[in-house]
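One letter stands for each residue in the lines below.
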Amino acid sequence: MLEKSPTINKSFGYMTLERMGSRYPSRLSFSRSMLRRMKQERWVVDRVKFDLDKVGYGTAIYEINTPNQIYSVVCFSQFIPDEERSDRVIAEKWDTTYAMHIGKISAKDLDRLKKNTPLQEAGRNSPSELVLSRGNKSVRLFKKIVNCLSIGQQPTIEEINDVGYLLRTTAVYGSGKFGLSDFDRTRSATHFDQPFRAEMLAVYIIREFSIHLVEHIAYHQNPSQAVKLDASIKRHIGIGNSTGLGMAPFIIKHPKLIHKWMSQFDKALNEITKIKHIDERKFNKLSSLLKKSKSYLDEVLTTSDYQKTKNKKSFYELDKIIDYCKSIKTSDLKDTRWNDLIKFSEANLSFDAQEIVKVQIIELFPEIADPLAENMSESDDLFIDPSATVNQLINIIENQYQWSIDTNFQDKNNTYLFWYVSEEKLEPRLGERYNEQGAELEQHLGIGKMVSELYHFLKENSAETKNLTIAKFLLIHPEYRGIIRRIQTLTNYPFGEVSDNILAKNTLPLNMLRFKLSFFGASRYDPKSDRWLRVSFFAGAPFYEELNSQNVEDWGFATMNSYQ
Amino acid sequence: MSFSYYEVYTTSLRAFSSMGFPYGADEDAAYIIAWLELNKFNGLNSLVNSIEVVDNKYDGKINPNALNNSSLDLNYSSLLMKGTGLIDFYQSELGDKKDLHVTLNNCPNPEYLLPLLYRSSKKIYYSNAIWLDTNNQIQFCEVIKNIMKIGKVSNQELVDKKQVRIFFSHEHKIQKKFDSVTCTITSKTIQDNLANGISPNENNWKIISKLADRTLVPESEESRIKGAGGSDDAND
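Note that the coordinates shown come from a computational prediction; the quantities given were computed from them, not determined experimentally.

(A) Representation of the overall build of chain B. Along its length, chain B carries eight helices and seven strands. Within chain B, the proportion of its 236 residues that are buried is 57%. Taking the contacts inside chain B whose residues are at least 6 apart along the sequence as the reference set, 74% of them involve residues at least 24 apart. When the accessible area of chain B is evaluated, it comes to approximately 10,400 Å², of which 47% is carbon and sulfur surface. Seen as two clouds, the 25 positive and the 29 negative side-chain charges of chain B have centres 8 Å apart.

Right, dumping it as structure tokens:
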């Protein structure tokens, strides 16, 4: 299914699926901003418990000391048979499981978490827990590194690059799931006032644990010869993540939040385009960042032909912007704007390559981007404007949802898919409406179809109805309440809506997944089907013991040469 | 057992969806129940007791002509279905007027108004409501700027059984004096309740969860293999 090329309407700006699926992490990404905050506020990480047996099964606890609060990440490691290891939500056992707790963990809390955390969705958490997660071993890399270290050897960085991580998380839950602290509470009562910041910290600590785990097992395998991972290659190890369809409904259900993320990115670029000349030092740095991006694309491995094609295309297209930069004489920089580079990219490069150019330009301006990255939160509340008229609503639809009006929903190809939640561990899934059971239970995610139905209904109504206030119209037609509230609210949130029909047969859900993952800061996209993919977090990032003001900035698009 | 607000809201949302509430109406009804449960008004218990009148009987329609004077006969129809539409309507009717008096007759579960009035305080400066509780005590609530007080009043105008009188205003006028305030809801009390988690009645939770489960698509081999994308090479 990946090889199908989705028919995408390119005329509706940034929020088409194709563009969403072309995004890359930036300074505004949550992993980056979390690590900056960690450095700025001098958080201290202490491994206060490491009670694992010789083969690595047991409990570890890491305490993160922030200026006002201690947080604890508790890690449980256990044996599972290979046949029970699965990346999917429907799995019931994992090599490792984690909880992040507010404060130090008491013996009573540890006992409670020991009983519940390994059960994941089937267990219970308290409002004192912020994150629940689990991770499985990358069987081939984990064993390989244990064996190397145990005989006093280092793996090659190429071997690390082949996989990219030792442990792969398969879910990172927060924000009220399974009894965890609600985000409203987390935002006001903890350090984690930005979306997914607590989750990013937990993932960062899990990466740390993965190194400690592999070194611990190697040592006990051969105490006399075992060595620790060399710092020059260790940083290339990220923490893996498998991500499935759950991210797509999130994007539809949190339109104001999505708008916020996009608008902050857009503001960063807009501020940069106002700068009237290009600074030579920054210009030279951009050239090196673009070359680094090329190296990253060259090195990153994926089994997906779809992703290989994208990466390869971007790899070659980056030469165009590199050559364009070379053509600009140093003496002409004072008459050149960053916007000239962006415009060149938009005119000459694919969306993927354009995004690389944009994120690398943003990379040069921490004074612009970093404050924006500290303001990525937004309320989910949607509101009816009861005094507006039906006519005004029609105008909004015509101005903002032309893509929906233009879609023929009588064509079965445009209503081919339905999004649903399976009774099997509530796994989010996608079905084929005309071939599978369950379409009557689909989630309300087909925004384009709902808007289209509302629009045509309104247009067919009398002038008298069109002059009604929305409040009166909804008294008569409460069935349109949800979609009208959404349309009215999003009038002021133009990035909030995916401008494509996600029920269409040619929809590629991966695009939505990659969009969200880019804001998280994920790299090394490795699609495994059209519906799920593997990525890495913190690949190239410094570990907490080596974190400093220089390396906290430099780890994006990490390559095998980044550590020399 | 402790649950988060998110869990109570999403489980209620799926329950309402399963009972035939359309998109939007399900969200509003779930908000009503979750807000009541969070603020210790036993929202889930109210919902359990309302299932019979709302399950597959959704009717959120209100004839606008019935609203031409200041009273409306709800005819025992649940505010879970009609409440949000009414509040929106009254908000637009308030418009440029200084204030608005409304009477709802034959209104079951007047407590369902509390979350709606609390939420509308983002747009309406002041509102209050008065009704008789099941013990024929006069209950009074007022909301101003995200602060809600609920308590008892006496020696006031008569309120009939199953009647709710609501007052909306752009100004804060002293309407009635509380004999006693039994509950104050602020952003701080809400934060405190979130910090403690929600502990619903176990039986109620089971009933609502069972309703919510009606929205789940039954398992099948095809769904398991295709629905989430397949290609599971978990031991690589």
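(B) Region of interest: the pattern of salt bridges. Residues and elements named next belong to chain A. Counted according to the given criterion, the structure contains 56 salt bridges over all chains. In this structure, the salt-bridge partner of Glu-129 is Arg-112, at a minimum N-O distance of 2.8 Å. Of this pair, Glu-129 sits in strand 5 (residues 129–137) while Arg-112 sits in helix 3 (residues 107–116); the two residues are 17 residues apart in sequence, bridging distant segments of the chain. Residue Glu-129 is classed as buried on the basis of its relative accessible area, which comes to 0%. The closest approach of N and O atoms between Glu-546 and Arg-235, which form a salt bridge, is 3.5 Å. Within this pair, whereas Glu-546 is found in the segment after strand 11 (533–537), its partner Arg-235 is found in the loop between helix 8 (231–234) and strand 7 (238–243), the two being separated by 311 residues in sequence. Looking at Glu-546, the relative accessible area reads 27%, which means it is partly exposed. Since its relative accessible area comes to 18%, Arg-235 is described here as buried.

(C) Focus on the sheet that holds strand 2 (residues 58–65) of chain A. All names here are of chain A. Strand order in this open sheet of nine strands is 1-2-3-4-5-6-7-11-10, and the pairing throughout is mixed. One side of each edge strand has no neighbouring strand; the edge strands of this open sheet are strand 1 (44–52) and strand 10 (523–527). Across the sheet, the mean angle separating the axes of adjacent strands is 25 degrees when strand polarity is ignored. By the bridge criterion, three bridges tie strand 6 (residues 165–173) to strand 7 in an arrangement that is parallel. Within the sheet, the bridge partner assigned to Thr-169 lies in strand 7 and is Asn-241.

(D) Representation of the pairing of strand 7 of chain A. All names here are of chain A. Burial within strand 7 is extensive, with six of its six residues counted as buried. In the sheet, strand 7 pairs with strand 11 via five bridges, with the strands oriented antiparallel. Among the inter-strand pairings, Gly-240 is bridged to a residue of strand 11, identified as Ser-536.

(E) Representation of helix 16 (residues 390–400) of chain A. Residues and elements named next belong to chain A. All buried positions along helix 16 are accounted for by Val-390, Leu-393, Ile-394, Ile-396 and Ile-397. End-on view of helix 16: buried residues confined to an arc of 160 degrees, all on one side of the axis. Along its buried surface, helix 16 packs onto helix 17 (402–405), helix 18 (447–460), helix 19 (463–466), helix 20 (470–476) and helix 21 (481–490).

(F) A look at the interface of chain B and chain A. On the side of chain A, 64 residues touch chain B, which itself brings 57 residues to the contact. Where chain B abuts chain A, roughly 5,100 Å² becomes buried across the two surfaces, and 51% of that area is made up of carbon and sulfur atoms. Inspection of the region where chain B meets chain A yields ten salt bridges. The residue Glu-27 of chain B makes a salt bridge to Arg-485 of chain A at a minimum N-O spacing of 3.1 Å. Ranked by residue count, the leading element in the side of chain B that touches chain A is helix 4 (residues 79–94) of chain B, at seven residues. Tallied by class, residues from the side of chain B that touches chain A come to 20 nonpolar, 19 polar and 18 charged.

(G) The arrangement of unusual backbone geometry in detail. Even without a glycine there, the phi angle at Phe-557 of chain A is positive, about 55 degrees. Along the chain, Phe-557 of chain A falls in the segment after strand 11. Its identity is not glycine, yet Asn-146 of chain B carries a phi of approximately 65 degrees, on the positive side.

(H) Up close: the state of the cysteines. Residues and elements named next belong to chain B. Counted under the stated rule, the structure contains zero disulfides over all chains. Cys-107 takes part in no disulfide bond, and the closest cysteine sulfur to it belongs to Cys-141, at a distance of 12 Å. On the basis of relative accessibility, which here comes to 1%, the residue Cys-107 falls in the buried class.

Definitions and cut-offs
- Residues numbered from 1 in each chain as written.
- Chains lettered and ligands numbered in written order.
- Predicted model: local features only at pLDDT ≥ 70, side-chain atom pairs only at ≥ 80, totals over all residues.
- Heavy atoms only, no water.
- Helix = DSSP H or I, 4+ residues; strand = E, 2+ residues; numbered from the N terminus.
- Buried < 20%, exposed > 50% of the residue type's maximum accessible area, 1.4 Å probe, protein only.
- Contact = heavy atoms within 4.5 Å.
- Areas by Shrake-Rupley, 256 points an atom, 1.4 Å probe, with all protein chains shown as cover.
- Lys, Arg positive; Asp, Glu negative; His and termini not counted.
- Charge placed at Lys NZ, Arg CZ, Asp CG, Glu CD.
- Salt bridge = Lys/Arg side-chain N within 4 Å of Asp/Glu carboxyl O.
- Pairing = 2+ DSSP bridges.
- Axes fitted to C-alpha atoms, helices over the stretch in contact; angles between N-to-C directions.
- Arc of directions from axis to C-beta.
- Buried area = accessible area lost by both parts, 1.4 Å probe.
- Nonpolar A, V, L, I, M, F, W, Y, C, P; charged D, E, K, R; others polar.
- Disulfide = S-S within 2.5 Å.

Function cannot be read off these values alone, since they describe shape.
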